[in-house]
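Spelled out from the first residue to the last, the chains are:
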Amino acid sequence: MSDVVAGAVERLNAKMGGEGFDGTAKFVIEDEGAVMIDQSGAHAGDEPADVTLTASRETFEGMLNGEENATAAYMSGRLKVDGDMGAAMRLSGLLS
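Residues numbered from 1 in each chain as written. Predicted model: local features only at pLDDT ≥ 70, side-chain atom pairs only at ≥ 80, totals over all residues. Heavy atoms only, no water.

Novice: Would you take a moment to explain the overall build of the chain for this structure?
Specialist: In terms of helices and strands, the chain carries four helices and five strands. Overall, the chain shows an N-to-C arrangement of helices and strands of α-β-β-β-β-α-α-β-α. Rg of the C-alpha trace for the chain: 12 Å, near the compact-globule value of 12 Å for 96 residues, within the 12% margin. Referenced to the eigenvectors of the C-alpha coordinate spread, the extents of the chain come out at roughly 30 × 30 × 25 Å. The burial tally for the chain puts 42% of its 96 residues in the buried class. Here the chain contributes 7 positively and 17 negatively charged side chains, and the mean placements of these two sets differ by 5 Å. (Helix = DSSP H or I, 4+ residues; strand = E, 2+ residues; numbered from the N terminus. Rg over C-alpha atoms; globule rule 2.2 N^0.38 Å. Buried < 20%, exposed > 50% of the residue type's maximum accessible area, 1.4 Å probe, protein only. Lys, Arg positive; Asp, Glu negative; His and termini not counted. Charge placed at Lys NZ, Arg CZ, Asp CG, Glu CD.)

Here it is in structure tokens:
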């Protein structure tokens, strides 16, 4: 597991405050790996998910830091979404 993925897992779990996510989501961080989010929180992994979001390391970190708006990243093509768009929208609250 890359340091970027490990850091993302830690930061996402802190943002969720011990609460899980209703469904399954996968963040694919290009050239680094993937982070899964489900009812138990965030962890490194690459399992099937309801929704898969793919972005560069810079875009993903910007979303986690609050410097990048997920909707704007999607609209500009910096964030790709595959799967359940409703689940993706629920995740936007997690990232803000």
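Novice: In this structure, what is going on with the pattern of salt bridges? I would like to understand it.
Specialist: In a structure, side chains of opposite charge can pair up when their charged atoms sit close to one another. With the rule as written, the count across this model stands at three salt bridges. Put simply, K26 and D46 hold a salt bridge, and the shortest N to O gap is 2.8 Å. Taken together, the positions of K26 in strand β1 (residues 25–29) and D46 in the loop between β3 (41–44) and β4 (51–55) put the pair 20 residues apart, joining distant regions of the chain. K26 sits in the buried class, given a relative accessible area of 12%. The partner of R78 in a salt bridge is E68, with the nearest N and O atoms 2.1 Å apart. Pair noted here: R78 is in the loop between α3 (70–75) and β5 (79–83) and E68 is in the loop between α2 (57–65) and α3, with a separation of ten residues, a long-range link. (Salt bridge = Lys/Arg side-chain N within 4 Å of Asp/Glu carboxyl O.)

Novice: Just to check I follow, could you spell out the side chain of K26 for this structure?
Specialist: Separated by 3.3 Å, the side chain of K26 and the backbone oxygen of E47 make a polar contact. Setting aside its immediate chain neighbours within four residues, K26 contacts A34, V35, M36, D46, E47, A49, V51, T52 and L53. (Polar contact = N/O pair within 3.5 Å; in protein donor to acceptor, adjacent residues only side chain to side chain. Contact = heavy atoms within 4.5 Å.)

Novice: Is there a simple way to think about helix α1 (residues 3–16) in this case?
Specialist: Within an α-helix, residues lying three or four positions from one another point in the same direction, as the helix has 3.6 residues per turn. Taking 1.5 Å as the rise per residue, α1 with 14 residues should run 20 Å; its terminal C-alpha atoms sit 20 Å apart, in good agreement. Among the residues of α1, V4, V5, A8, V9, L12 and M16 are the ones counted as buried. End-on view of α1: buried residues confined to an arc of 135 degrees, all on one side of the axis. Residues of α1 that are exposed and angled more than 90 degrees away from the buried face: D3, E10 and A14. (Expected span 1.5 Å × (residues − 1). Arc of directions from axis to C-beta.)

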